[in-house]
Each structure stands twice: as structure tokens, then as C-alpha cells.
There are 2 protein chains.
Amino acid sequence: MTNTPRAAYFVSDSTGITAETLGRALLVNFPGVSFRHHTVPFVDSAEGAAAVAREIDRAADAGKEPIVFHTVRSPAVAQVLGEARATHIDLLNGHLTELEAALGTTASEQLGSFHTVGDTEQYFARMRAVEYAIEHDDGQSIRALDQADVLIVAPSRCGKTPTTMYLALQYGLLVANYPLTDDDFPTDGLPRTIAPYAARCFGLTTTPLRLSQVRHERRPDSTYASLAQCTLELRRAEDLYRRTHIPFVNSSTKSVEEMSAVIMQSLKLRA
Amino acid sequence: MTNTPRAAYFVSDSTGITAETLGRALLVNFPGVSFRHHTVPFVDSAEGAAAVAREIDRAADAGKEPIVFHTVRSPAVAQVLGEARATHIDLLNGHLTELEAALGTTASEQLGSFHTVGDTEQYFARMRAVEYAIEHDDGQSIRALDQADVLIVAPSRCGKTPTTMYLALQYGLLVANYPLTDDDFPTDGLPRTIAPYAARCFGLTTTPLRLSQVRHERRPDSTYASLAQCTLELRRAEDLYRRTHIPFVNSSTKSVEEMSAVIMQSLKLRA
């Protein structure tokens, strides 16, 4: 039983994204303990909570006491959930009490929407941003490039596409990206297509080994994927970023979320 | 001064995504109070924290006492931040203490990475998923459709693309989408291209008014955007979903995150 993982539940009355993100972030601080994760979204009734509580009790019977992280707002629903035999960590309500004290007012009975729902403006912005990103992926289109909030520049396979999509989806930013190829070198300045938008350009680089690995996935044993070619392309790209004063970041040690946050901070796109 | 918004800071030693998401979710419970939001990521040194604390103190001087939500892990950094004149809400460390008690062990000194960094496997999965989504957007490709974890089916402009991208980016799922057009009707069953994958299909619908609004954005005053055409297409789509037993959801009242969570739950794609 020592090696049986302990069950960890992320329970939410909405999507479960916050409960899961914060819960996981807390659990990684215990690397010696093995957990099995379960995300349970949309628990917004006493019946739903009772079903989850039964599942948690079964996990408790089968092994170690489970850990339950929850962001359930309704006190009635939270109470039913709380009857499960587990350690319950309420990620929301304790902080609401702190806020009530600070603001000298009580939290709204109706309780706000956890994620923005039906916000038409925001929805349109995200949809437009994702479509703009698809249209401009990999330098495919130079239409409306002047509208771009960000222009991500990098050699092939440095992480432009997922970072572009993340910025579009999460923040509704218009993001284009431009692949640096051999045709762009030698050059003194930025490629002509993107030169007018230098102030909104952001470069990505990575390590030659990592780039070579990623490229081998796509074209095994090609010159394109060779360590020599990757080393050359990255050196030229970094030289270009430095010469043209374009901020850049190394994607090999950063998640897509982190790169996006660095880009937003660097280009002052965040409030 | 009564109408001056109160400053709310979301401070993190990483991307700030969790601090901002949870902080905002808490603040919406006070609809009578007006806040001005500031997200400050990458505060991971005493110097960085001191700079933020000075900014918070300036906000305090200018108006009401600010609220600071933080997910700063280092006690030294958190202490410097904590000297700012504000209500401090620690979203992380209190829960770590609860977990230590439950697990009978202390949290790792090194402290885990808040977001998965440098996890090559996960990175590859997300990159592949985003590229798959781009390739398969709007039914453009039927290559490797058998590999799709999800196939989103809907008339044009019901929210297929942003939902597809979200599932790909957030969960690394392979998601294709298929636009239902007049050519697909009348039909008894699913369109031939997607019929073999019925078990992985998920439908989207919306309200005729909303669809008409969204379509007018793209093609003003077209038949395509007319209320009559939108009503017809949505009725036919919903009939098809019901007849072929494809689960579906109405996108008009749901955020992209919520639709994604519903789809994952419905197709049992979540642990």
C-alpha cells in the first residue's frame, strides 16, 4: 500500500481549470508523494456533490485518504462534498472571507461568474485573434500585418506556432509570425516584410540540440535537422535579434505560458 | 474618491496566470466595488518584490488600500512584497501548510515548478496538437482524421475554431473540425467523411440571433448572415445531432473554456 498513489481530486462548479491548475501547483511541492489526479468539473448541485463524495469515499476505502481541492461556491454544495472522507482544501471561500473583511462588505449572494460567460465582445476578440493567427501562421499571409499586436520571429521549429495561438486565445491579441530562413541571410537588418513593424517584433531562439531533436521529428536525418544547420541558423537569428534590438527569449527552458508572459511584459501588452 | 477604483494586484513569481484567474474569480463576487487590475509576473527576487511594493504603496497613497493576490513561493520574496501597504491574500502558502499537515511531510525546499517547464514530451504533444488543429481547421484536410481525439461538427461560425484551438493547446488533444454546409443536407446520417468517427464527434449549436450577428461581422447583409438562413441551418444541425446521437452544446451562453470542459467530460477525455 505504501506505493499506491494517493487520490487527488480537483472539484469545481465550473470548468475545473483553476482548481486543477492551483491544485497541481500545490502538489508538485511534494515530489516524494505519488498522486493520481481526477478533475471533476460542473459540480453545481447537491446531487452532483453527493455522487463525487461517494467516489471519493470509495478511493478512501481502497487506499490512503484522498486530498480534495475545490472551488465550489455554493455553501450547500460545498457542505455535501465536505462530508467525503478526505482532506478538503477550499481554494475559494477562505479568501472570500479575507476579502469581505478588507472591503467591509459581504460577497454577493448571487456570486459572480467564475469564468466570463457570454461576454460577446471578449468572445469576438478571441475568435478574431485565433483566425488572424491561423491566417498568419508561418508567414503565410502579409495581409493586415500592420494590425498585429505582436510579430514573432524565429527559425523553423522554435515554438512560434503554439506561442502565437496561446497569445491569441488567452489574451485576444493579434499575433503574426515570421519564419527566418536561409533567404533572409546575409542581411544587415530585418527582412523587408517585417521591418516596418520592428517595434512589435519578438524573437525566439532555442538550443541547437533541442532544435535538432524537434526537426528530426519532422524530417529524420535531413540536413534541415542536422546539428550543424541548427547551430548555424540559431547563431544567425540571435545575431539578427541583437543587431536590430529585437527582444528575444530562449524557448528551450520555458513553457508556452511563460514565453507568452515574457512577450506581453516585454512589449508592454499587459495592464 | 468614492468612485476611484481600488487597485488589485496579481503578483506571481511565474506567469501570473493562476494568480490572475483566481484573483479575478474572487473579485467578481463584489460587484458593487470597482477595481483596477494589474498583473505583475516573474517577481522572483527581493529587488523585484521591492519595486512592486513601491508601486503598490504609490497606489495606496493615491486612493484606497490596494488588494494584493499573490502566488510567490519564496518566503524571502513574499516578505518584501508583504511590506507594501495593502491587504495581502496569499493564494499558495496557506494551502501548502494544510497539505503538509495532511501528508505528514514538509513541502520540498526546492519547491516545484509552478507550470510544467521543459517537459519535452508535453511540449511536443501541444505543438503537434496545434499543428494538427491548424491543418484540420474548417474541414480543410481529411488526412489522419482517424487520429482525432475529437471531431467538432457545426455550421459555420458556431465557435468550432476557438474551441478546437483551446482543446489542442490546453490539453494536447488532436482535434479536427467539420463545417456543416447546405451540401450535407438533406441526409439521413452523418456526412460520409466523418461518419466512421461518429463516436468521437461533438456538435455545436447557438441561437439564430447570435449566429446572424457573428455572420454579419464577416459578411454584412448577406443571405449567409440572414436570420432565416441561420435559423434553418441550426435547426437542421440540431436535428442531425439528435438523429445520429451526437452530443452537442449551445455555444451562445458558454465560454470557450466551458465548452472545452463539457466536450472532454462528454467524450470521457479527462482523467
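It should be emphasised that the depicted structure is a prediction, and the values quoted were computed from it without experimental measurement.

**Focus: the interface of chain B and chain A**
Here comes step 1: Opposite the 85 residues of chain B that make contact, chain A presents 85 residues.
Here comes step 2: For the pairing of chain B and chain A, the buried interface totals around 7,400 Å² over both sides, and the portion due to carbon and sulfur atoms is 67%.
Here comes step 3: Among the residues of chain B in contact with chain A, Asn-29, Phe-30 and Tyr-123 of chain B are the three that bury the most area, contributing 9% of the side total.
Here comes step 4: Applying the counting rule to chain B against chain A returns 8 salt bridges.
Here comes step 5: The salt bridge involving Arg-128 of chain A is made with Glu-217 of chain B; its shortest N-O contact spans 3.0 Å.
Here comes step 6: Our count for the chain B to chain A interface comes out at 7 residue pairs in polar contact (both at pLDDT 80 or more).

**Brief notes about the domain arrangement of chain A**
Here comes step 1: On domain assignment, one finds that chain A holds domain 1 (6-103) and domain 2 (120-266).
Here comes step 2: Summarising the inter-unit geometry, the C-alpha centres of domain 1 of chain A and domain 2 of chain A are found 39 Å apart.

**Re the sheet that holds strand E3 (residues 67-71) of chain A**
Here comes step 1: Spatially, the 4 strands line up as an open sheet ordered E2-E1-E3-E4 (chain A), and their pairing is parallel. The sheet is open, and its two edges are formed by strand E2 (35-40) and strand E4 (87-90) of chain A, each paired on a single side. With direction set aside, neighbouring strand axes in the sheet form an average angle of 20°.
Here comes step 2: Summarising the sheet, strand E1 (residues 6-12) of chain A and E2 of chain A pair through 6 bridges and their orientation is parallel. If you follow Tyr-9 of chain A over to E2 of chain A, its bridge partner there is His-38 of chain A.
Here comes step 3: Seen against the sheet, helix H3 (residues 75-82) of chain A touches E1, E3 and E4 of chain A and runs at an angle of roughly 175° to E3 of chain A.
Here comes step 4: Docked against the sheet, helix H4 (residues 93-103) of chain B engages E1, E2, E3 and E4 of chain A, running at close to 180° with respect to E4 of chain A.

**Observations concerning the pairing of strand E1 (residues 6-12) of chain B**
Residue and element names in this part refer to chain B.
Here comes step 1: Summarising burial for E1: 7 of the 7 residues are buried, a large majority.
Here comes step 2: Side chains Arg-6, Ala-8, Phe-10 and Ser-12 of E1 all project onto a buried face; the interleaved residues Ala-7, Tyr-9 and Val-11 project onto the opposite face, where all are buried too.
Here comes step 3: Bridge count between E1 and strand E3 (residues 67-71): 5 bridges; the pairing is parallel. Each residue of the ladder has a partner; that of Phe-10, found in E3, is Phe-69.

**Section: the confidence of the model for chain A**
Residue and element names in this part refer to chain A.
Here comes step 1: A residue-level look at chain A finds 95% of positions with pLDDT of 70 or above and a mean pLDDT of 90.
Here comes step 2: The lowest-confidence element of chain A is helix H5 (residues 120-135), averaging 86 in pLDDT; the highest-confidence one is strand E7 (residues 201-205), averaging 97.
Here comes step 3: The model gives residues 111-118 a pLDDT under 50, and that stretch makes 29 contacts with residues more than four places away or in other chains.

Calculation notes
- Each residue is numbered by its place in its chain's sequence as written, counting from 1.
- For this description, chains carry letters from A and ligands carry numbers from 1, given in the order in which they are written.
- Only residues with pLDDT of at least 70 are given local features in this predicted model, and only at 80 or more are side-chain atom pairs given and counted; all residues enter the totals for whole chains, interfaces and linings.
- For side-chain calculations, the full set of non-hydrogen atoms in the structure is used, while hydrogens and water are omitted.
- The contact criterion used is simple: two residues touch if any of their non-hydrogen atoms lie within 4.5 Å.
- Computed with a 1.4 Å rolling probe, the buried area is the accessible surface lost when two parts are put together, summed over both parts.
- The working definition used for a salt bridge is a side-chain nitrogen of Lys or Arg within 4 Å of a carboxyl oxygen of Asp or Glu.
- Here a polar contact is recorded for every N or O atom pair within 3.5 Å, except that within protein the pair must consist of a potential hydrogen donor and a potential acceptor, and residues adjacent in sequence are included only if both atoms are side-chain atoms.
- Where each domain begins and ends is defined by an automated method or by a domain database.
- One requirement defines pairing of two strands: DSSP has to find at least two bridges between them.
- The way it works is that DSSP assigns letters per residue, a run of H or I at least four long becomes a helix, a run of E at least two long becomes a strand, and they are numbered from the N terminus.
- Working convention: axes come from line fits to C-alpha atoms, limited for helices to the stretch in contact. Angles between N-to-C directions cover 0 to 180 degrees.
- Relative accessible area decides the class of each residue, using a 1.4 Å probe on protein chains only: under 20% of the type maximum gives buried, over 50% gives exposed, and in between gives partly exposed.
- By definition, pLDDT measures how confident the predictor is in each residue, and it falls between 0 and 100.

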